[in-house]
Amino acid sequence: MKILEWIVEALSWLNIAASPTILGLFLGFLFYLYKPDVVGLIFGSLISIVGLVIGITLATNISKKMGATEFNSRIYASPDLDKLDEEKTDS
């Protein structure tokens, strides 16, 4: 059972790290489109690498503080639907 927990935690960690990484890749690509030469390629790559580093740092800090799975479950929870269920059972 430990391997399953580790896989879920790793996938949650990747989920957290993916957002800044994708944003960095997108901004780096936009910068390269704005300046399509060697300088644009270098700065676009640097922007992408910064996004990756920020994503790794963010995911690691969250994983150490509360756990990546706990963080993702709090984000994806919908308390509005919980209240709706409580109202149905009270009626």
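Description of the structure in this document.

Right, let's get into the overall build of the protein chain. Looking only at helices and strands, the protein chain features four helices and zero strands. Element order for the protein chain, N to C, with α for helix and β for strand: α-α-α-α. Taking all 91 residues of the protein chain together, the buried fraction comes to 19%. Summed over its atoms, the accessible surface of the protein chain is roughly 7,100 Å², and 71% of this surface lies on carbon and sulfur atoms.

What follows covers the packing of helix H1 (residues 2-34) against helix H3 (residues 68-76). It is at 8 Å that the axes of H1 and H3 come closest, and there the two elements cross at 60°. Looking at the two axes, H1 sits oblique to H3. For the element pair H1 and H3, the recorded crossing hand is left-handed. Of the residues in H3, those touching H1 at Val-8, Glu-9, Ser-12, Trp-13, Asn-15 and Ile-16 are Ala-68, Thr-69, Phe-71, Asn-72 and Tyr-76. Split by residue class, the contact of H1 with H3 holds six nonpolar, four polar and one charged.

With five residues, the main nonpolar core is built from Ile-16, Ala-17, Ala-59, Ile-62 and Ala-68. At the level of secondary structure, the elements contributing two or more residues to this core comprise H1 and helix H2 (38-65). Residue contacts for Ala-59: discarding those within four places in its chain leaves Trp-13, Ile-16 and Ala-17.

Another aspect to go through is the environment of Phe-26. Structurally, the position occupied by Phe-26 is in helix H1. Taking the C-alpha atoms as reference points, Phe-26 and Ile-47, 21 residues apart in sequence, are found 9.1 Å from one another.

Now for the pattern of salt bridges. For the structure shown, the criterion picks out two salt bridges. Two residues, Asp-37 and Lys-35, come together in a salt bridge whose shortest N-O distance is 3.8 Å. Across the pair Glu-70 and Arg-74 runs a salt bridge whose closest N-O atoms are separated by 3.1 Å. Of this pair, Glu-70 and Arg-74 both sit in helix H3, four residues apart, which is roughly one turn of the helix. Note on Glu-70: relative accessible area 35%, which makes it partly exposed.

Cut-offs and rules
- Residues numbered from 1 in each chain as written.
- Predicted model: local features only at pLDDT ≥ 70, side-chain atom pairs only at ≥ 80, totals over all residues.
- Heavy atoms only, no water.
- Helix = DSSP H or I, 4+ residues; strand = E, 2+ residues; numbered from the N terminus.
- Buried < 20%, exposed > 50% of the residue type's maximum accessible area, 1.4 Å probe, protein only.
- Areas by Shrake-Rupley, 256 points an atom, 1.4 Å probe, with all protein chains shown as cover.
- Axes fitted to C-alpha atoms, helices over the stretch in contact; angles between N-to-C directions.
- Parallel < 35°, antiparallel > 145°, perpendicular 65-115°, else oblique.
- Left-handed = near helix turned anticlockwise from the far one by under 90°.
- Contact = heavy atoms within 4.5 Å.
- Nonpolar A, V, L, I, M, F, W, Y, C, P; charged D, E, K, R; others polar.
- Core = buried A, V, L, I, M, F, W, Y, C linked by side-chain atoms within 4.5 Å.
- Salt bridge = Lys/Arg side-chain N within 4 Å of Asp/Glu carboxyl O.

Treat this as a map of the structure, not an account of what it does.
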